[in-house]
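So the chains spell out like this:
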Amino acid sequence: MQKILIANRGEIALRIINTCQMMGIETIAIYSEADKEMPFVKAATKAVCVGEPHVSKSYLRIDKILEIAKDEKVDAIHPGYGFLSENAAFAEQTRNAGIIFIGPEPKTIELMGDKIASRQTMEKAGVPVVPGSSNGLKTIEEGCRLAETIGYPIMLKASGGGGGIGMILCENEQALVKSYESTKKRALTYFGSDEVFIEKYIPDSRHIEVQVFGDHFGNIVHLYERDCSIQRRHQKVVEESPSPFLSDKTRQKMFETAIKAAHAVQYTNAGTIEFIVDQQENFYFLEMNTRLQVEHPVTEMITGLDLVKWQILVARGEKLPLQQSEISSKGNAIEFRLYAEDPVRFLPSPGKITTLKWNMEEGARIDYGYVEGGTVTPFYDPLIAKCIFYGSSRQTVITSAKRFFKDVNIEGIKTNVPLFLNILETDSFQTGDYSTNFLNKNDLK
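Residues numbered from 1 in each chain as written. Predicted model: local features only at pLDDT ≥ 70, side-chain atom pairs only at ≥ 80, totals over all residues. Heavy atoms only, no water.

Draft legend 1. Main features of the packing of helix α5 (residues 106–113) against helix α6 (residues 115–125). It is the contact of α5 with α6, at a shortest axis distance of 5 Å, that shows an interaxial angle of 100 degrees. One finds that α5 runs roughly perpendicular with respect to α6. The segment α5 lies against α6, with L111, M112 and G113 engaging K115, A117, S118, T121 and M122. Residue classes in the contact of α5 with α6 are distributed as 4 nonpolar, 3 polar and 1 charged. (Axes fitted to C-alpha atoms, helices over the stretch in contact; angles between N-to-C directions. Helix = DSSP H or I, 4+ residues; strand = E, 2+ residues; numbered from the N terminus. Parallel < 35°, antiparallel > 145°, perpendicular 65-115°, else oblique. Contact = heavy atoms within 4.5 Å. Nonpolar A, V, L, I, M, F, W, Y, C, P; charged D, E, K, R; others polar.)

The structure is reproduced here in structure tokens:
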């Protein structure tokens, strides 16, 4: 594999480029007209404009991306995360064009992208799922009957949903009836399908995921867990490993279940099995992400492995570099997603970054997408950087993160740094006693 096209932008594009450079692989970056001055564009071996700023006219243009890939004679395409990374049609068309898609099989992406189909698959495999509907709801009456059976509150979800979109908490029947049609319409708009289903809402739950990796020889390993419970609007803000909540017994059981889930779909490349965990440590399959996760650096820090390198090796037909017995976890890591956004209302704050300065802490890693003088445009997710901290203990990591964020100097835009400092100061975070309701409970919403 000599040349890879990166069908993405920002920090993840730059992250992939860095590994390719270390492996002696040339990179082709695609960029929209709005991104022409971005760091990833300058870092790539070559960069080609893919279209206008709006995603539908640039980063989602399958035809244009494949045209560039053919023109540049690339061996493979890495989709990163978001955009087309979990688009089965894109994976299929890439392979039909004789180009390697760095990810799982298209059929796996399609199956796991459908929340109802993935739920049914896991049920058959003996993987525990949240009590709820195993098929799409045909009528609101059917939904009300089922909700009454499993008990309120419930979550009304879009089958094709993701990233917290298409999820509504319903405390009672009135709320379910009120949200039903609007959720179906939103699902159709965002995901091309209006199919919805319901699941029992688990209060004060944890959102814990297991990183898995498979090759084309049937080998599948886990790379430990990440606790992603601190969220706003069902979207992750802070991730850490190991989870301060899980007992060793439950942790091991969760690893075994994740491996079982991956084998059920003959999984290849990088993937993540996400679980919802109640206060008694009962855990249930939530979804499978068939791509590299935003929070993959947390896993890299505790294992010392390069997940992007593993992706490339597996995609070109090699066996997993290590067996399960050769993989170990050491220390603690916490990642903070640094956004250009209002830290109270969580609304994007586009604009020019006039100042961007930070003092690097020992054990710190910054996966950045922007530099000082860059402009955060309103067209894309406003993630500026991912700030990851590693240390021998969780308290060491928390102390480093506090110092780092107190010293950060970012001007020209609003950021969620004040939110991070508030999170780090709370007793519940410092003790690891938190859930997905953390921000609400601590009035940090």
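Back to the text.
Draft legend 2. Region of the structure containing the nonpolar core. Among the nonpolar cores identified, the biggest contains 125 residues, and L5, F40, F405 and F429 are the most heavily contacted of them. Every residue in contact with F40, bar those within four places of it in the chain, is listed here: N8, R9, G10, A13, L14, I17, A29, I30, Y31, D35 and Y59. (Core = buried A, V, L, I, M, F, W, Y, C linked by side-chain atoms within 4.5 Å. Buried < 20%, exposed > 50% of the residue type's maximum accessible area, 1.4 Å probe, protein only.)

Draft legend 3. Representation of the sheet that holds strand β4 (residues 76–78). With parallel pairing, the 5 strands of this open sheet are ordered in space as β3-β2-β1-β4-β5. In the strand order of this sheet, the two ends are held by β3 (46–51) and β5 (100–101), each with one partner. The pairing of strand β1 (residues 3–6) with β4 spans 3 bridges and is classified as parallel. Its bridge partner being in β4, L5 is matched across the sheet by I77. On the sheet, helix α1 (residues 10–22) packs against β1, β2 (26–32) and β4 and is oriented at approximately 170 degrees with respect to β1. Helix-sheet contacts for helix α3 (residues 62–71) involve β1, β2, β3 and β4, and the interaxial angle to β3 is about 155 degrees. (Pairing = 2+ DSSP bridges.)

Draft legend 4. Main features of the state of the cysteines. This model, assessed by the stated rule, comprises 0 disulfides. Looking at the unpaired C170, the closest cysteine sulfur is the one in C144, lying at 9.3 Å. (Disulfide = S-S within 2.5 Å.)

Draft legend 5. Quick look at the environment of K64. Tracing the backbone shows K64 in helix α3. K64 gets classed as partly exposed once you look at its relative accessible area, which sits at 23%. Along the sequence, K64 and K42 sit 22 residues apart, while their C-alpha atoms lie 21 Å from each other. Here K64 is in contact with C49 and V50, once residues within four sequence places are set aside.

Draft legend 6. View of the side chain of N437. Looking at the secondary structure, you find N437 in the loop between α14 (427–431) and α15 (438–441). Apart from the residues within four sequence positions on either side, N437 is in contact with Y201 and D204.

Draft legend 7. Quick look at the sheet that holds strand β19 (residues 383–391). Taken together, the 8 strands give an open sheet; going across it, the order is β13-β12-β9-β10-β11-β14-β19-β17, and neighbouring strands pair in antiparallel fashion. Edge positions in the open sheet fall to β13 (283–289) and β17 (364–368), since each of these has one partner strand only. Strand-to-strand twist in this sheet, taken as the mean axis angle between neighbours without regard to direction, amounts to 25 degrees. Sheet analysis places strand β14 (residues 332–339) next to β19, joined by 8 bridges and oriented antiparallel. Paired with N332 across the strands is G391, a residue of β19. In the packing of helix α10 (residues 296–303) onto the sheet, the strands contacted are β9 (206–214), β10 (220–232), β11 (235–241), β14, β17 and β19, and the crossing angle to β10 comes to about 130 degrees.

Draft legend 8. Structural view of the environment of I327. Structurally, I327 is set in the loop between α11 (307–315) and β14. For I327, a relative accessible area of 5% puts it in the buried group. Measuring from C-alpha to C-alpha, the distance between I327 and L223 comes to 7.3 Å, with 104 residues separating the pair along the chain. Setting aside chain neighbours within four positions, we find I327 in contact with V221, H222, L223, Y224, L305, W310 and L322.

Draft legend 9. Structural view of unusual backbone geometry. Between Y152 and the following residue, P153, the backbone shows a cis peptide bond with an omega angle of 0 degrees. With respect to the element layout, P153 can be found in the loop between α7 (140–150) and β6 (154–162). Residues S241 and P242 are joined by a peptide bond in cis, for which omega reads -5 degrees. The residue P242 is located in the loop between β11 and α9 (248–264) in this model. The phi dihedral of E281 falls on the positive side, at around 70 degrees, and the residue is not glycine. Topologically, E281 is positioned in the loop between β12 (269–277) and β13.

Draft legend 10. Highlighting the pattern of salt bridges. Under the criterion given, the structure shown has 35 salt bridges. For E274, the salt bridge goes to K236, with nearest N and O atoms at 3.0 Å. In this pair, E274 is assigned in strand β12 and K236 in strand β11, connecting sequence segments 38 residues apart. Given a relative accessible area of 2%, E274 falls into the buried group. Note on K236: relative accessible area 10%, which makes it buried. Salt-bridge contacts for R337 lead to E239; the nearest nitrogen and oxygen are separated by 2.7 Å. Of this pair, R337 sits in strand β14 while E239 is found in strand β11, placing the two residues 98 residues apart along the sequence. Take R337 and E239: they sit in the same class, and that class is buried. Residues joined by salt bridges that share partners form a network here, namely E209, R226, K236, E239, E274, E295 and R337. (Salt bridge = Lys/Arg side-chain N within 4 Å of Asp/Glu carboxyl O.)

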